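One-letter residues, chain by chain:
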Amino acid sequence: DTAVSQTPKYLVTQMGNDKSIKCEQNLGHDTMYWYKQDSKKFLKIMFSYNNKELIINETVPNRFSPKSPDKAHLNLHINSLELGDSAVYFCASSQQREGEQFFGPGTRLTVL
Amino acid sequence: KNEVEQSPQNLTAQEGEFITINCSYSVGISALHWLQQHPGGGIVSLFMLSSGKKKHGRLIATINIQEKHSSLHITASHPRDSAVYICAVTRDDKIIFGKGTRLHILP
């Protein structure tokens, strides 16, 4: 059984569109994260939620909005997509804040 | 200067060699993580440590809090160890990543 799953795996879309990436974890963890890995393979945290409450919001444009309907899900909505949003987005979870991270398989977003 | 520095950036070695990857950080931390990113892109957590040493199979991770330094060692390296190894530190709910070390083990 997949511990942290993301959908879709690949997403190709036009500039200006709005898209969502879904993330689900079945580990019973309290904390979930979104990371962006750019073309140089550098990972950077975007958001962190603990028990559905936002605890980290790095300097990410407000076009990006995370939504946590319950503890097991943290979805990422992106409005008015730009070329620079092209990257691989990873979801992760941990049992507690700053705990060991379990990563999803990643979603490769390409904005044309 | 990045708050988390890894060395070397790239490393190529022969199968069987003992591998060391270093990580230095400049801030106080709650914990340090070693991650492995496979060529296919998947990321796996190898270790999370805040003091001392941990061992898992052929992998050993050490940390020296006073010197703000950690090392990841791989004994009897194998081509399947080829991957990018990423050091990350956590503090105040934040996580900061190093740029990774690309390891290539030749058969």
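Everything that follows concerns the structure shown earlier in this document.
So, how was this worked out
- Residues numbered from 1 in each chain as written.
- Chains lettered and ligands numbered in written order.
- Predicted model: local features only at pLDDT ≥ 70, side-chain atom pairs only at ≥ 80, totals over all residues.
- Heavy atoms only, no water.
- Contact = heavy atoms within 4.5 Å.
- Salt bridge = Lys/Arg side-chain N within 4 Å of Asp/Glu carboxyl O.
- Polar contact = N/O pair within 3.5 Å; in protein donor to acceptor, adjacent residues only side chain to side chain.
- Nonpolar A, V, L, I, M, F, W, Y, C, P; charged D, E, K, R; others polar.
- Helix = DSSP H or I, 4+ residues; strand = E, 2+ residues; numbered from the N terminus.
- Buried < 20%, exposed > 50% of the residue type's maximum accessible area, 1.4 Å probe, protein only.
- Pairing = 2+ DSSP bridges.
- Axes fitted to C-alpha atoms, helices over the stretch in contact; angles between N-to-C directions.
- 1 Å grid on protein atoms, 1.4 Å probe; cavity = no way out; pocket = protein on both sides within 12 Å on 5 of 7 lines; lining within 4 Å.
- Points joined across faces, edges and corners; volume = space filled by probe spheres on them.
- Core = buried A, V, L, I, M, F, W, Y, C linked by side-chain atoms within 4.5 Å.

1. Looking at the interface of chain A and chain B
Next up, step 1: The interface is formed by 17 residues belonging to chain A together with 20 residues belonging to chain B.
Next up, step 2: Across the contact surface, chain A and chain B share 1 salt bridge.
Next up, step 3: Between Asp93(B) and Arg97(A) there is a salt bridge whose closest N-O contact spans 2.5 Å.
Next up, step 4: Counting across the chain A and chain B interface gives 6 residue pairs in polar contact (both at pLDDT 80 or more).
Next up, step 5: Classifying every residue of the side of chain A that touches chain B by side-chain character gives 8 nonpolar, 3 polar and 6 charged.

2. Describing the side chain of Asp93(B)
Next up, step 1: Along the polypeptide, Asp93(B) turns up in the loop between strand E9 (83-91) and strand E10 (94-97).
Next up, step 2: On the basis of relative accessible area, Asp93(B) is assigned to the buried category, the value being 18%.
Next up, step 3: At 2.5 Å, the side chain of Asp93(B) forms a polar contact with the side chain of Arg97(A).
Next up, step 4: Dropping the residues within four chain positions of it, Asp93(B) is found in contact with Ile55(A), Ile56(A), Arg97(A) and Glu98(A).

3. Description of the sheet that holds strand E1 (residues 4-7) of chain A
All names here are of chain A.
Next up, step 1: The 4 strands are arranged E1-E3-E8-E7 in an open sheet whose pairing can be described as antiparallel. Of all strands in the sheet, those bounded by a partner on one side alone are E1 and strand E7 (64-70). Averaged over all neighbouring strand pairs, the angle between strand axes comes to 20°, with direction disregarded.
Next up, step 2: Across 4 bridges, the pairing between E1 and strand E3 (residues 19-25) is antiparallel. The partner of Ser5 across the bridge, within E3, is Glu24.

4. Some words on the sheet that holds strand E7 (residues 59-64) of chain B
One key point about sheets: their strands pair by backbone hydrogen bonds, in either a parallel or an antiparallel sense.
Residue and element names in this part refer to chain B.
Next up, step 1: What the 5 strands build is an open sheet, ordered E1-E3-E8-E7-E6; its pairing is antiparallel. What marks the edges here is a single partner per strand, and that holds for strand E1 (4-7) and strand E6 (52-56). Taking each pair of neighbouring strands and ignoring which way they run, the sheet shows an average axis angle of 15°.
Next up, step 2: Pairing analysis gives 5 bridges linking E6 to E7, with the strands arranged antiparallel. Its bridge partner being in E7, Lys55 is matched across the sheet by Ile60.

5. Describing the layout of surface pockets
Next up, step 1: The calculated volume of the largest pocket comes to roughly 350 Å³.
Next up, step 2: At the level of elements, strand E9 (87-94) and strand E11 (107-111) of chain A together with E9 and strand E11 (101-106) of chain B are the ones that each hand at least two residues to the lining of the largest pocket.
Next up, step 3: The residue inventory of the lining of the largest pocket, partitioned by class, reads 8 nonpolar, 9 polar and 4 charged.

6. Considerations on the nonpolar core
Next up, step 1: Residues Leu32(B), Trp34(B), Phe47(B), Leu72(B) and Tyr85(B) are the most contacted members of the largest nonpolar core, which totals 24 residues.
Next up, step 2: When contributions to this core are tallied by element, the ones reaching two or more residues are strand E3 (19-25), strand E4 (31-37), strand E5 (43-49), E7, strand E8 (69-74), E9 and E11 of chain B.
Next up, step 3: Contact partners of Leu32(B), with chain neighbours within four places excluded, come to Cys23(B), Tyr25(B), Phe47(B), Met48(B), Leu49(B), Ile63(B), Ser70(B), Cys87(B), Ala88(B) and Val89(B).
Next up, step 4: Counting 20 residues, the second largest nonpolar core, distinct from the first, contains Met32(A), Trp34(A), Phe47(A) and Leu74(A).

7. Concerning the pattern of salt bridges
Next up, step 1: Taken as a whole and assessed by the stated rule, the structure comprises 6 salt bridges over all chains.
Next up, step 2: A salt bridge links Lys71(A) to Asp30(A); the nearest nitrogen and oxygen atoms lie 2.8 Å apart. In this pair, Lys71(A) is assigned in the loop between E7 and strand E8 (73-78) and Asp30(A) in the loop between E3 and strand E4 (31-37), connecting sequence segments 41 residues apart.
Next up, step 3: Note on Lys71(A): relative accessible area 35%, which makes it partly exposed.
Next up, step 4: With its nearest N and O atoms 2.9 Å apart, the salt bridge here joins Asp81(B) to Arg58(B). Here Arg58(B) lies in the loop between E6 and E7 and Asp81(B) lies in the loop between E8 and E9, a separation of 23 residues in the sequence.
Next up, step 5: Taking the relative accessible area as the measure of exposure, Asp81(B) reaches 5% and is therefore buried.
Next up, step 6: Salt bridges here are not isolated pairs; linked through shared partners, they connect Arg63(A), Glu82(A) and Asp85(A).

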